[in-house]
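Each chain, letter by letter, is given below.
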Amino acid sequence: PNNFEIHVVRIDPGPPAAVETMLCLPTEYPQGLAGASDGSIWTTWLPSVRFNPATLAFESILLDDLYAAGLDSVSDVAIDSVDGAVYFSGNHLEASTLSTVATVIRRDPGTGAYAPYLEEPSLRGFGEIAVDAAGSIVAVGDSHSGSDRVARIDPGASPSIAFFDQAGGPVDVAIDGDGTA
């Protein structure tokens, strides 16, 4: 047992400064975190949950739902501020080749149903993910050669993807104040 815990805290700057724990759960391999416009906080991995500190709404995200949509390992979560869709990044194992494939799945904001959104076989997996104000997804992918590639995934019924190679160490993605990644 690794005894990891997820702590969602509220920090009041004060003075005096105060920290209040809003949620504490045992976890294994804590990964991603995202905030939604309704105040909900989403976390990923074991367990993946949605928690709203204002309303105390809590939802456990069942791994079976993620698996059924094609995600065997989840890395991060991001929320589209325009339509409220929730995207999970990670990978799945391609049984025919025994290699992992980078995968993004989408949770429909109206029905809560999970569905495959994009698979990219040139990458082993997607890590960090963000959704910009235009609905485009920016994700960090791990190539089969071990280098990071930044992918921009433009939305649509058949999402298109463009790559930007990244030399060097780890890459983070974030959304600027103007809504661009």
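Preceding this paragraph is the structure being described.
Note that the structure is predicted; figures quoted are calculated from it, not measured. (Residues numbered from 1 in each chain as written. Predicted model: local features only at pLDDT ≥ 70, side-chain atom pairs only at ≥ 80, totals over all residues. Heavy atoms only, no water.)

Participant: Just give me the short version of the environment of H144, but keep the residues and values in it.
Facilitator: Of note, H144 is situated in the loop between β12 (137-143) and β13 (148-154). Each C-alpha atom of the pair H144 and G125 lies 9.1 Å from the other, and the pair is 19 residues apart in sequence. Non-local contacts of H144, meaning those with residues more than four positions away in its chain, are made with T100, P121, S122, L123 and R124. (Helix = DSSP H or I, 4+ residues; strand = E, 2+ residues; numbered from the N terminus. Contact = heavy atoms within 4.5 Å.)

Participant: Give me the lowdown on a nonpolar patch on the surface, citing residues and values where you can.
Facilitator: Taken together, V9, I11 and V19 make up a surface patch of nonpolar side chains, about 290 Å² in accessible area. Positionally, V19 belongs in strand β2 (residues 18-27). (Patch = residues over 30% accessible without salt bridge, like charges linked within 9 Å, V, L, I, M, F, W, Y side chains within 5 Å. Areas by Shrake-Rupley, 256 points an atom, 1.4 Å probe, with all protein chains shown as cover. Salt bridge = Lys/Arg side-chain N within 4 Å of Asp/Glu carboxyl O.)

Participant: Which residues make up the sheet that holds strand β10 (residues 114-120), and what values go with them?
Facilitator: In spatial order, the strands read β7-β8-β9-β10; together these four strands make up an open sheet with antiparallel pairing. Bordering the open sheet on either side are β7 (73-79) and β10, each of which pairs with just one other strand. Between one strand and the next, the sheet's axes are offset by a mean angle of 30 degrees, whatever the strand orientation. Pairing of strand β9 (residues 99-107) with β10 involves six bridges; the strand directions are antiparallel. What sits directly across from R107, in β10, is Y114. (Pairing = 2+ DSSP bridges. Axes fitted to C-alpha atoms, helices over the stretch in contact; angles between N-to-C directions.)

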